[in-house]
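Geometric and topological summary
Chain residues, written in single-letter form:
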Amino acid sequence: MLTNFFKTAIRNIFRHKSYVIINIIGLAVGIACSLLILLFIRHELGYDTFNENYDRIYRIILDAKLGETEIKGAFTPAPLAKTLVTDYPEVENAIRMERWNEVLFRIEDRKYVEENVMLADSAFFDIFSIPLISGNTKKALAEPYKVVLTEKTAKKYYGNEDPIGKTLRINSDTNLYTITGVMENVPENSHFEFNILISFLSHWRAKEEFWLSNSFATYVLLKKNTSAEGLEDKFPAMIEKYVGPQVMQVLGIDIEQFKSTGNRYGFFLQSLSDIHLNPGISQDFRPPTDRKYIYIFSIVSLIIIIVAGINYMNLSTARSVNRSREVGMRKVVGSSRRLLVWQFLMESVMLCLMSLVVAVILVEVMLPHYNNLLQVKLSINYFSEWYTIPALILLAVIIGIFSGSYPALFLASFKPVSVLYGKLKLGISSVHIRSMLVIFQFIITISLILSSLVIYRQIQYMINKDLGFNKEMLFVISRTDALRKRIVSFRQEIEKLSGIIGSTNSTAIPGYPNNHNGFLMEGKTSDQTYLMQVNWADYDYLKTYGIELKEGRYFSRDFSSDTLAMVINEKAIEEFGLTDPMAARFIEPAREGEQRTVYNVIGVVKDFHYQALRERIFPHVFILKPERWDWTAYITIRLAPENVKGTIAEIEKIWNKFTNNEPLEYFFLDDSFRKFYFEEIRTSRIAVAFSILAIIIACLGLFGLTSFATELRSHEIGIRKVLGSSVYRIIILFTREIFLLILVSTIPAWILSYFLMKRWLMNFHYHIHLQPWEFVSAFLVALFIALITICYRTYRAAIVNPSKVLKYE
């Protein structure tokens, strides 16, 4: 019996080839889209989610508030990890980690600059399940100046040689670093990335006992059957014990007084599975994916499948008249309604399985372009996991049952007498249901078009908005320690070039800030702390960046007292309630035995955006960079727009002369700012891509429906032409109904998009406002595409000679 079902299903499927092609293409595109989105979601969930200890690994998060500024990030003090292991039996192990960028490695006469270098304590391999290919996991990072290479880095440096025991030098450090291990490459979707792992004991702050400097990420591995909440409950006592005395030393107040003014200082645990999907936690590692995008993409995947399924429902019910006699005959010869339902469901499932094969081919074809579009490295191996192929088949079966359920019940409900006597009436309800399905399709289509337009406008707004400084033609050298004490001489030399307008040296630049520093204010109580982003900069910073001075002056070589001066922004005046900012004096707290530094405010700059536009502007302060500092991070050069390549080549020649041919690492600031919106740009690309695919699927359905409608009404069209109706009027006759359906679907689509986009825009501190023309444009685009689809098929039917249709009448 089952064999007969299969044979009959296949025979019925291929009875109408155009119907089969349209449905297979629609369902295949829907399934392929869903597979691609699911691949992306799995990637974004991260490798860490599949770490064998992931349910016991936590990251310590600083939760602090100083004045009006709140900090919630993976920044902790150096002694925290050791304290957790020694003082708390719940903790099995703990490590500190810090990321270094653009590190110079010297191997004999060869030089390499590595973008991603990580420092970690020796328990790294006990906590994270990244295998060590060679070396001892317990000893690899147990001593200072030990290094572990990833497999690809070992291959790059040493080819097929065994690197274990070989030495190298790092930056200007005179110590030799020994390679003690080679590990597997860090998975591309881990929340951290590095090519080289260095023992944290090599860090000059490794043995620091200062609790008020939060610079490192701390991870803990809890013992089995241990409560994370129970450990968190002990953190206030730990802060009282270790942080309290140091607050008293630095600020002259106890921890309770510090908290009583509204300040906050504490820690909490963040689970490993939460790291990938929580952008609310600041960190120095790979930026997390916002959890809402996972939800959005999951919903889009479901919607695409629903749209494809609706196509099948519409086309199946539209061709019901063609199958009515088949249903009548089956019922006459004894077939039950239940068997007919099973038969039609079998056809639907078989069609979906065929579509699955086409979808897999589409995925393989589209995947390289999809990876390029989203800047990821997705892959699918159908045989790596036992459940992959069964899951795909199950997906096709579920879609088949969902898509075929209504058509099966609808077709099986026909009465034999009405069918065989030619008195079948489909009824208003079936027409209404089909209309509702088309309306639902276009609600989705218009919503996707409108959402894509809003996302695109927000991205363009962020990229092109006036940031309060001129980011164009700013050439930033990021690894300046190679110049050592010759930074000033280097700048003087390059400024002789005709293609250079100016240059500056600073510890921070827009997009790459320093940490927030807390200050006291003269005349205020010592329990009031003022948190500001600090940038130690030279005399030419404002001029090079084009930042506007609102009041007072900037640093000048004419004033020797400027070594104890500062320039603040408007936001600092607003948040600190300064009525006379030029009279304010800020005090930098000092550790025990050190002298406090008092700074006079000499100027105020207009607010400028130091970070991406999703962040608000924070209080900011410029302090004159001491000339003795030779480690400052950035040299920014403003280039003339003419002959940029030639100017860069000249800069590189001067750099090589000053650094003995060390690699020059640089970037353009405007390109860097564009990268800050990578997540939004990627979302925009996904939205546009799947909007187009949703439109294609909807148009396939419309094309099929119109084809069947013109086929069923071919006699009517012929008679109308005989009676003098024009082709134009026949086209209007068929398009009027679809126009009304799209018009009806527009209002709910607008309402849905309005609330969704409003919520999305709230994630940005600075954003666009929704405009009426965007809503109208989405409607017009959907209408235009739908009418083009319908008009083409209707026109073909309308130009047929009536004699061919009516010759047997």
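Now for a quick tour of the structure. Because the structure is a prediction, the values reported are computed rather than measured. (Residues numbered from 1 in each chain as written. Predicted model: local features only at pLDDT ≥ 70, side-chain atom pairs only at ≥ 80, totals over all residues. Heavy atoms only, no water.)

Overview of the overall build of the chain
- For the chain, the helix and strand inventory stands at 25 helices and 24 strands.
- When each of the 809 residues of the chain is scored for burial, the buried share is 53%.
- Considering only intrachain contacts with a sequence separation of at least 6, the fraction spanning at least 24 residues in the chain is 79%.
- Carbon and sulfur atoms make up 57% of the accessible area of the chain, which amounts to about 37400 Å² in all. (Helix = DSSP H or I, 4+ residues; strand = E, 2+ residues; numbered from the N terminus. Buried < 20%, exposed > 50% of the residue type's maximum accessible area, 1.4 Å probe, protein only. Contact = heavy atoms within 4.5 Å. Areas by Shrake-Rupley, 256 points an atom, 1.4 Å probe, with all protein chains shown as cover.)

Focus: helix α3 (residues 80–87)
- If you check which residues of α3 are buried, you get Leu 80, Ala 81, Thr 83 and Leu 84. The buried residues of α3 occupy an angular sector of 165° when projected down its axis, which confines them to one face.
- In the core, the buried residues of α3 are packed alongside β1 (57–66), β3 (91–100), β12 (217–222) and α7 (235–251). (Arc of directions from axis to C-beta.)

Description of the pattern of salt bridges
- A full pass over the atoms with the stated rule returns 30 salt bridges.
- Ionic pairing is found between Asp 540 and Arg 491, a salt bridge with its closest N-O pair at 2.8 Å. Here Asp 540 is found in the loop between β17 (530–537) and α17 (541–545), whereas its partner Arg 491 is found in helix α16 (residues 487–494), with 49 residues between them in sequence.
- For Asp 540, a relative accessible area of 12% puts it in the buried group. (Salt bridge = Lys/Arg side-chain N within 4 Å of Asp/Glu carboxyl O.)

A word on unusual backbone geometry
- Even without glycine at this site, Glu 102 takes up a positive phi of about 50°.
- By relative accessible area, which is 14% here, Glu 102 ends up buried.
- One non-glycine residue, Met 473, lies in positive phi territory at about 60°.
- When you line up the elements, Met 473 lands in the loop between α15 (427–464) and β14 (474–477).

Observations regarding a nonpolar patch on the surface
- On the surface, a cluster of nonpolar side chains totalling about 400 Å² of accessible area is made up of Ile 747, Ile 751, Tyr 754 and Phe 755.
- Along the polypeptide, Phe 755 turns up in helix α23 (residues 727–761). (Patch = residues over 30% accessible without salt bridge, like charges linked within 9 Å, V, L, I, M, F, W, Y side chains within 5 Å.)

Re the packing of aromatic side chains
- Counted by the stated rule, this structure contains 36 aromatic pairs.
- Ring geometry for Tyr 754 against Phe 755: centres 5.4 Å apart, planes inclined by 85°, an arrangement best described as edge-to-face.
- A residue is classified by how much of its surface remains accessible, and Phe 755, at 54% relative accessible area, is exposed.
- An aromatic cluster of three or more residues is present, and its members are Phe 469, Tyr 541, Tyr 545, Tyr 554, Phe 555, Phe 608, Tyr 610, Phe 622 and Phe 673.
- Cation over ring: Arg 205 sits above Trp 204, and NZ or CZ is 5.9 Å from the ring centre. (Phe/Tyr/Trp six-rings, centres within 6.5 Å; stacked < 30°, edge-to-face > 60°. Lys NZ or Arg CZ within 6 Å of the ring centre and 35° of its normal.)

Points about the nonpolar core
- Tyr 370, Tyr 541, Ile 547, Phe 622, Leu 669 and Phe 690 are the most contacted members of the largest nonpolar core, which has 109 residues in total.
- In contact with Ile 547, other than residues within four places in its own chain, are Gly 468, Phe 469, Tyr 541, Leu 542, Val 605, Lys 606, Phe 608 and Phe 622.
- One finds Leu 80, Val 247, Leu 251 and Leu 520 within the second-largest nonpolar core, a separate group that totals 33 residues. (Core = buried A, V, L, I, M, F, W, Y, C linked by side-chain atoms within 4.5 Å.)

Points about the pairing of strand β23 (residues 634–639)
- Counting buried positions along β23 yields six of six residues, so the element is predominantly enclosed.
- Both faces of β23 are covered, namely the face carrying Tyr 634, Thr 636 and Arg 638 and the face carrying Ile 635, Ile 637 and Leu 639.
- In this structure, β14 lies alongside β23, joined through four bridges in antiparallel fashion. Bridge pairing links Ile 477 to Ile 635 in β23.
- Here strand β15 (residues 500–506) runs beside β23; their pairing, made up of six bridges, is antiparallel. Bridging from a neighbouring strand, Asn 505 pairs with Ile 635 of β23. (Pairing = 2+ DSSP bridges.)

Comments concerning the packing of α16 against helix α19 (residues 644–659)
- Relative orientation of the contacting elements α16 and α19 amounts to 150°, with a least axis distance of 10 Å. For the element pair α16 / α19, the angle class is roughly antiparallel. As for how α16 packs across α19, the hand of that crossing is right-handed. When α16 is examined against α19, the residues Ser 489, Phe 490, Glu 493 and Ile 494 are found in contact with a partner set consisting of Ile 651, Ile 654, Trp 655, Lys 657 and Phe 658. (Axes fitted to C-alpha atoms, helices over the stretch in contact; angles between N-to-C directions. Parallel < 35°, antiparallel > 145°, perpendicular 65-115°, else oblique. Left-handed = near helix turned anticlockwise from the far one by under 90°.)

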